[in-house]
Structures are given as C-alpha cells and as structure tokens.
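Observations on chain architecture
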Amino acid sequence: KLKKPAFNYRHYCIEPIRENFEVVRSTSEELGYNRMGLSVHQFAISNSDSPSTLKFPEVFGRSGIETYGIHKAYENIDVKEKNKGTFYEVKLTSVDRFVRDEGILSVDILKIDTEGNDALVILGSVRTLSTLRPRYITFENHGIGHWKKASLKETIDLLDGLAYTCFWALYDGFLVRITSCWESSYEYKGWSNIACYNRNNKETAEAVESYAL
C-alpha cells in the first residue's frame, strides 16, 4: 500500500508523443502515482502556443521513443505529403501558458528535455522564472533541432539576468561553472546537461555550489 507523501507534492509530466504519453499515464495510474501528485499531460512545449497544434509522426505503437521532438514537425515535408495519415496533431503550449492554465502558484524544479527545443522552452518560461522563481532548472544542450542554430551563450545570459547561475553537469556528478566564466569553446554542439540554481534561494545555492569544481 502506497503511503501519502510527507508534503504536498505536484509533479507535472508533459509528453507530446502519443505512445509515450499513454504508457506514462497508465503506469502512473496503475502504481497510484497519480494519487500521490503526478499528473501526465500530452502537449508539445515551445516558446508560445501559436500555432495551436503541431504534427507529430506516428511511431506505430513503439513507446520509449526519445528522438521525436518538435523539429520532426518541420522535417521531410515532401514525405509528409506523400504519407498522409502518418502524422497526428498535438496541442502546442508554453511553460508560462501551462502554469497559468493549471493555476500553478509555485514551481520548485523545472526539468527540460525536449530533443533540441530547450532554448525555446526557456524563452516561453520567462514569466514563470521571474515571478515564481523555481529554485533549480536543468536542460539539455546539443546540436539537434533548434539547438543547431540557437546560441547557448544567449540562453545562459538570459538566465543570468533572471538570477540563475548555470553549470555543466559532468558525468561524475560534479559541476563546472558557465555563468560569468564563459569561453568560446562552450558554444559547442555535443550532448551535455546544464544545471542552474536561483541565486535568491540560499539553501539551493549552497547545495549546488558544493558540487562545483
């Protein structure tokens, strides 16, 4: 029997791919996580809610697919036209819009993993970051999707202006500072994770800084 969490807990999982969404939602219900505070939503996340929907490719029953981000909606247009019926509509939103629509009043952690759309998701989170001030943000950096042309430095500078200090998250659990320590070589497109804390939250700042090299 599941015990109730020791504190009020809400975890919002947002997944655009239909097969993944259905598996996560059904598993959450089967294990009782939904009663503990986990809710699962099928949306595509970007910097705005326009257009209202995007087309995602069918994965024909295969769950666990990670490589189908928003960029897939804009690739292989000719193939898309020749194979009508292999794409489906997913509602598009932003973090700011989702937070408003759900009536969310506080955010502790924002984890972004959108297969290359992370920089745009952060742009669509500015109101949430500036008003609700999540204590911790983590996102991916690489050369897929929007990251092919997006500047990591611009994203780091934006977060710095919102009182976030960011680090490379290394495989061994340690951190290397990016904010105020920028080098041109950091604008590389290999896969990596970035972790950021809000400087207004002393407890989180101290905890994250304890892992910094």
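Residues numbered from 1 in each chain as written. Predicted model: local features only at pLDDT ≥ 70, side-chain atom pairs only at ≥ 80, totals over all residues. Heavy atoms only, no water.

**Focus: the overall build of the chain**
Counting secondary structure elements, the chain contains eight helices and ten strands. Here the chain holds 213 residues, and the buried ones make up 43% of them. In the structure as shown, the chain presents an accessible area of about 12400 Å², 52% of it carried by carbon and sulfur atoms. (Helix = DSSP H or I, 4+ residues; strand = E, 2+ residues; numbered from the N terminus. Buried < 20%, exposed > 50% of the residue type's maximum accessible area, 1.4 Å probe, protein only. Areas by Shrake-Rupley, 256 points an atom, 1.4 Å probe, with all protein chains shown as cover.)

**Some words on the sheet that holds strand S8 (residues 164-169)**
The mixed open sheet is built from five strands, whose spatial order is S6-S7-S10-S8-S9. The open sheet terminates on both sides in strands that have one partner only, identified here as strand S6 (109-112) and strand S9 (175-177). Direction aside, the axes of adjacent strands within the sheet are offset by 25 degrees on average. Summarising the sheet, S6 and strand S7 (residues 136-141) pair through four bridges and their orientation is parallel. Note that in S7 the partner of Ile 112 across the bridge is Phe 139. Docked against the sheet, helix H7 (residues 152-161) engages S7, S8 and strand S10 (192-198), running at close to 175 degrees with respect to S7. (Pairing = 2+ DSSP bridges. Axes fitted to C-alpha atoms, helices over the stretch in contact; angles between N-to-C directions. Contact = heavy atoms within 4.5 Å.)

**Some points on the side chain of Ser 39**
The topology assignment puts Ser 39 in strand S2 (residues 38-41). Judged by relative accessible area, Ser 39 falls into the buried class, the value being 14%. Those residues in contact with Ser 39, other than ones at most four positions away along the chain, are Arg 10, His 11, Tyr 12 and Cys 13.

**Notes on a nonpolar patch on the surface**
Among the surface-exposed residues, Leu 170, Phe 174, Tyr 211 and Leu 213 lie close enough to one another that they form a single nonpolar patch of about 410 Å² accessible area. Position of Phe 174 among the secondary structure elements: in the loop between S8 and S9. (Patch = residues over 30% accessible without salt bridge, like charges linked within 9 Å, V, L, I, M, F, W, Y side chains within 5 Å. Salt bridge = Lys/Arg side-chain N within 4 Å of Asp/Glu carboxyl O.)

**Details of the environment of Val 208**
In this structure, Val 208 sits in helix H8 (residues 202-209). Take Val 208: its relative accessible area is 8%, and that puts it in the buried class. As a C-alpha pair, Val 208 and Phe 174 span 34 residues in sequence and 9.3 Å in three-dimensional space. Excluding residues within four positions of it along the chain, Val 208 makes contact with Tyr 136, Phe 167, Leu 175 and Tyr 197.

**As for helix H4 (residues 95-102)**
If you check which residues of H4 are buried, you get Val 95, Asp 96, Phe 98 and Val 99. Buried positions in H4, seen along its axis, are confined to an arc of 165 degrees and lie on one side of it. Note on H4: the residue one or two positions beyond its end, Gly 103, has a positive phi of about 70 degrees. (Arc of directions from axis to C-beta.)

**Examining the nonpolar core**
The biggest cluster of nonpolar side chains holds 28 residues, and the ones touching the most others in it are Leu 129, Ile 137, Phe 139, Leu 159, Ile 194 and Cys 196. In this structure, Leu 54, Phe 56, Val 59 and Val 90 belong to the second largest nonpolar core, which totals eight residues. (Core = buried A, V, L, I, M, F, W, Y, C linked by side-chain atoms within 4.5 Å.)

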